[in-house]
Amino acid sequence: MSKPNLALVGATGAVGTVMIDIINSRENIWGEIRLIASARSAGKKLTVHGEELTVVALSEDAFDGIDIAMFDVPDEVSEIWAPIAASRGAVVVDNSSAFRMDPEVPLVVPEVNPEQAQNRPKGIISNPNCTTLTMMAAMGALHRGWTLKELVVSSYQAVSGAGVAGIARLRDEITAVSGSKAGEASGDIAQTLEANSLALADSPFTDPVVMNLIPFAGSLKEGGFSSEEMKVRNESRKILGIADLKVAVTCVRVPVLVSHSLAVHATFANPISVADVHKALTEEPTIRLVDDPANGLWPMPNMVAGQDPTYVGRVRSSLDFPNSIELFVVGDNLRKGAALNTYEIAELVAAEF
């Protein structure tokens, strides 16, 4: 058996940087590892498994000899280059939303539907949205035991969901309001930011995010829903294989750098208890149960930042809804929410070689 050759497209971006950390922290199962990025990043040197690699520019030739190509780039780049990479013989694992709802492209979470990784007629496998991924290992485990029927979700999404620009913006806003009295009167945060040359027009967000929250993430879709909300609904149905799953979602941007949090109300076809949930989730190797409210122990973004597992807590039996559970889930949106799941899919494919 030969070791497959791996390419990472978008190696110098926010998710690509985390991906390299993940590659370095895991067993080296690869032959060649090739780092690919835009022409402006070509020539940069990055260390992978102790070897200094030079980033090469994205081109058709960059995929010659590559068996698996992980894409951590914007939708419009994936739309063009993922099919090109597949046509050159690579299995593409794409982290963008470009192909997620394509019926000929599997949407894979290794803990939930690993078998779908082999069902790739276009040579492309999609990685789900980071918000969907935050809860999917837990929901998959509970669905297997009790049959999920309905989901009501409120997300509290970190600014890193908007990439390095989102992180930089929150840090700049924190600096701008530090020492001021902003936040006590309507509109005074925006005024303070403007006074510090932080125009909203230059922000990746529609409103100030520091000392604030924005009840919207993504782009506006029909019916007043956001693209993030529609992704959670549609992707949950596809991953779990429940075409008629009832889903209601509200996505909120919060002043947190890393880690998305979700408050989840889940209804099942069969009776389910807190003890059932605790047992099922404790048995999942990629989930950490932190559920001791009497001692102030529950998942929080800063607890989870930089961690691979999904953290679950605040598990309660719903008081007014039969067969229903309330829980709080937190995951690092740059790791399991993006880079780690993409890499785990690549590991599934690598096992075929």
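What counts as what
- Residues numbered from 1 in each chain as written.
- Predicted model: local features only at pLDDT ≥ 70, side-chain atom pairs only at ≥ 80, totals over all residues.
- Heavy atoms only, no water.
- Helix = DSSP H or I, 4+ residues; strand = E, 2+ residues; numbered from the N terminus.
- Rg over C-alpha atoms; globule rule 2.2 N^0.38 Å.
- Contact = heavy atoms within 4.5 Å.
- Areas by Shrake-Rupley, 256 points an atom, 1.4 Å probe, with all protein chains shown as cover.
- Lys, Arg positive; Asp, Glu negative; His and termini not counted.
- Charge placed at Lys NZ, Arg CZ, Asp CG, Glu CD.
- Buried < 20%, exposed > 50% of the residue type's maximum accessible area, 1.4 Å probe, protein only.
- Pairing = 2+ DSSP bridges.
- Right-handed = clockwise from strand over helix to strand, strands pointing away.

The subject of this paragraph is the overall build of the chain. Along the chain, the regular secondary structure elements total 9 helices and 14 strands. Taken over the C-alpha trace, the chain has a radius of gyration of 21 Å; the compact-globule value for 353 residues is 20 Å, and the two agree within 12%. Projected onto the principal axes, the alpha-carbon positions of the chain cover approximately 55 × 55 × 40 Å. Counting only contacts in the chain whose residues sit at least 6 apart along the sequence, the fraction spanning at least 24 positions is 68%. A total of about 15400 Å² of accessible surface is found on the chain, and carbon and sulfur atoms cover 52% of it. Where the 28 positive side-chain charges of the chain centre and where its 43 negative ones centre are 1 Å apart.

Counted residue by residue, strand β2 (residues 33–37) has 5 buried out of 5 residues, so it is predominantly covered. Because side chains alternate across β2, one face comprises the buried residues Ile 33, Leu 35 and Ala 37, and the other comprises Arg 34 and Ile 36, equally buried. The pairing of strand β1 (residues 6–9) with β2 spans 4 bridges and is classified as parallel. When the sheet's bridge partners are listed, Leu 6 is paired in β2 with Ile 33. On the question of chirality, the crossover connecting β1 to the parallel β2 by way of helix α1 (residues 14–25) is right-handed. Two elements, β2 and strand β5 (residues 56–57), share 2 bridges in a ladder whose sense is parallel.

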